[in-house]
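# Coordinate inspection notes
Okay, here's what each chain looks like letter by letter:
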Amino acid sequence: MLFLIAYISSVVLINFAFSSAPHLDVIWSAWGGLVFILRDMVQTRFGHGALLAMLVALVLSYITSEPAIALASATAFFLSELIDWLVFSITRRPLRDRLWLSSALSIPVDTFIFFGMIGALTPAVVGTAMASKFAGVSAVWLAMSWRARKATLAG
């Protein structure tokens, strides 16, 4: 339940931040990396319910953010969530691999659509967004791989 609340809250707060202080877009794009990890944790725990969580987050974003930001977020999330859902639904690889694969496919889509739609598609913003998102998911992948190896050695 913690991941679900953190996911919905992060989406709403990031969209609000982009609406309130767009000049800090590099900072908000770095924070966006967390959303992909949270999304995958929600997908793992709640399966198709992750789509409902996304819908709730986007409705709240429309209430609290500029409509253009909410629309860009909804469009980018819809497409990246679809990719994420497909990876989690079709592949049977270990969770850590599905997390990384879904992110590798959905992060570029989300980044270019969102920042393109809000007119902030600059090298600094795209670089920060991509680096933070991939760094976060790679750190989770490494931690999960380390735990799996440790469990294998112990067993």
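Residues numbered from 1 in each chain as written. Predicted model: local features only at pLDDT ≥ 70, side-chain atom pairs only at ≥ 80, totals over all residues. Heavy atoms only, no water.

As recorded in an unreviewed UniProt entry, the protein goes by PreQ0 transporter and comes from Pseudomonas cremoricolorata.

Another point: the packing of aromatic side chains. Scanning the model with the defined rule gives 4 aromatic pairs in all. When the ring of Trp100 is compared with that of Phe134, the centres are 5.8 Å apart and the planes differ by 35°; the resulting orientation is tilted. Remark: Phe134 occurs in helix 6 (residues 123–154) and Trp100 occurs in helix 5 (residues 95–117); sequence separation between them is 34 residues. Aromatic pair Phe114 and Phe115: ring centres 5.1 Å apart, planes at 80°, arrangement edge-to-face. Take Phe114: its relative accessible area is 8%, and that puts it in the buried class. Overall, the relative accessible area of 2% leaves Phe115 in the buried class. Here the aromatic residues Phe18, Phe114 and Phe115 are joined through ring pairs into a cluster of three or more. In this structure, Arg45 packs its charged tip against the face of Phe46, placed 5.3 Å from the ring centre. (Phe/Tyr/Trp six-rings, centres within 6.5 Å; stacked < 30°, edge-to-face > 60°. Helix = DSSP H or I, 4+ residues; strand = E, 2+ residues; numbered from the N terminus. Buried < 20%, exposed > 50% of the residue type's maximum accessible area, 1.4 Å probe, protein only. Lys NZ or Arg CZ within 6 Å of the ring centre and 35° of its normal.)

Here we come to the pattern of salt bridges. A side chain with one charge may pair with a side chain of the opposite charge, provided their charged atoms come close. Following the criterion strictly, the structure yields 4 salt bridges and no others. Ionic contacts of the salt-bridge type, sharing partners, join the residues Arg39, Glu81 and Asp84 into one network. (Salt bridge = Lys/Arg side-chain N within 4 Å of Asp/Glu carboxyl O.)

Looking now at the nonpolar core. In terms of nonpolar packing, the biggest core is built from 27 residues, with Tyr7, Val11, Phe18, Phe77, Phe114 and Phe115 touching the most fellow members. Secondary-structure elements contributing two or more residues to this core are helix 1 (2–20), helix 2 (25–46), helix 3 (49–64), helix 4 (67–90), helix 5 and helix 6. If you tally residues by element for this core, the top one is helix 1, at 7 residues. Here Phe114 is in contact with Asn15, Phe18, Ile69, Ala72, Ser73 and Ala76, once residues within four sequence places are set aside. Residues Met41, Leu99, Val137 and Met144 belong to the second largest nonpolar core, which totals 5 residues. (Core = buried A, V, L, I, M, F, W, Y, C linked by side-chain atoms within 4.5 Å. Contact = heavy atoms within 4.5 Å.)

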